[in-house]
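Listed below are the residues making up each chain.
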Amino acid sequence: MPSLSTLLDGFFYVPDEDIGLLQELVAGTDESIEPVPEEIPEEYLSFRLEGELYAVPIHGVREIVKVPPLTEVPRAAPNLLGVMYLRGEVLPVYDVKVKLRLADKAELVAGPEAPEPPRGARIIVVQMADGLAGMWVDEVSEVVRLRPSMLELAPPGVGGGERDCVVGLGRREQQLFILLDIWQVLA
């Protein structure tokens, strides 16, 4: 019976061994295999509006605050809820449900007779080209990491017009996120 070292000698490469055919075979496979790009996930802030999950890229969000008292602005745009004071700055707060056609007009939440906002309601503060703006959401859910393979373009019929702020859909397990262009929503 041959020794273990004799069996292993046939397995390992020996410097004077001819491996030309093996090198050609390996060289041919390198050209036919394209490198698979690594998927780098992007982080999104997910939130709820009327029970549905929406998400915006986290890099567009400056901060999230509890709903403060809002001051109503007379003759304002239908989606403007009012203005709020945040650390020395006055910024508009918008109801994105109007832009997404989830509501006909912004609910009155400003003024002295305004009811208490729902417990989970938050204002997402965004840096716009002309300053800060706030977006009222029913509830902030979580930060989700979505890889490009988990994203889909907006279905036909969803884009264009008032809904061009919907840029796609994100899927994570059984959850579906409606992806928004946050600057278009607040435009």
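Residues numbered from 1 in each chain as written. Predicted model: local features only at pLDDT ≥ 70, side-chain atom pairs only at ≥ 80, totals over all residues. Heavy atoms only, no water.

Student: Got a minute to help me understand the pairing of strand β4 (residues 80–86) in this structure?
Tutor: Counting buried positions along β4 yields five of seven residues, so the element is predominantly enclosed. Examined bridge by bridge, β4 and strand β5 (residues 89–95) share six bridges and lie antiparallel to one another. Along β5, the bridge assignment pairs V83 with P92. The antiparallel pairing of β4 with β5 creates a hairpin that spans two residues between the two strands, and R87 there sits at a positive phi of about 45 degrees. (Buried < 20%, exposed > 50% of the residue type's maximum accessible area, 1.4 Å probe, protein only. Helix = DSSP H or I, 4+ residues; strand = E, 2+ residues; numbered from the N terminus. Pairing = 2+ DSSP bridges.)

Student: Explanation requested: the sheet that holds strand β8 (residues 139–146) in the structure shown.
Tutor: Two modes of strand pairing occur in sheets, parallel and antiparallel, and in both the strands are linked by backbone hydrogen bonds. One open sheet holds the six strands; their spatial order is β8-β1-β2-β11-β10-β9, and the pairing between them is mixed. Both outer strands of the open sheet, β8 and β9 (151–153), are each paired with one neighbouring strand and no more. The mean inter-strand angle of the sheet, taken between neighbouring strand axes irrespective of direction, is 35 degrees. In this structure, strand β10 (residues 166–172) lies alongside strand β11 (residues 175–180), joined through six bridges in antiparallel fashion. The residue bridging R171 from the neighbouring strand is L176, located in β11. (Axes fitted to C-alpha atoms, helices over the stretch in contact; angles between N-to-C directions.)

Student: Quick question: what am I supposed to make of the environment of L180 here?
Tutor: Inspection of the secondary structure puts L180 in strand β11. Residues L180 and D164, 16 residues apart in the sequence, show an inter-C-alpha distance of 8.8 Å. Apart from the residues lying within four places of it in its own chain, the contact partners of L180 are F47, Y54, A55, V56, P57, L100, C165, V166, V167 and V185. (Contact = heavy atoms within 4.5 Å.)

Student: Help me understand the pattern of salt bridges in this model?
Tutor: Where charged atoms from two side chains of opposite charge come close, those side chains can pair. Taken as a whole and assessed by the stated rule, the structure comprises six salt bridges. The residue E63 makes a salt bridge to R87 at a minimum N-O spacing of 2.4 Å. In this pair, E63 is assigned in strand β3 (residues 61–66) and R87 in the loop between β4 and β5, connecting sequence segments 24 residues apart. Judged by relative accessible area, which is 16%, E63 ranks as buried. Linked by salt bridges that have partners in common, E50, K97 and D138 make up one network. (Salt bridge = Lys/Arg side-chain N within 4 Å of Asp/Glu carboxyl O.)

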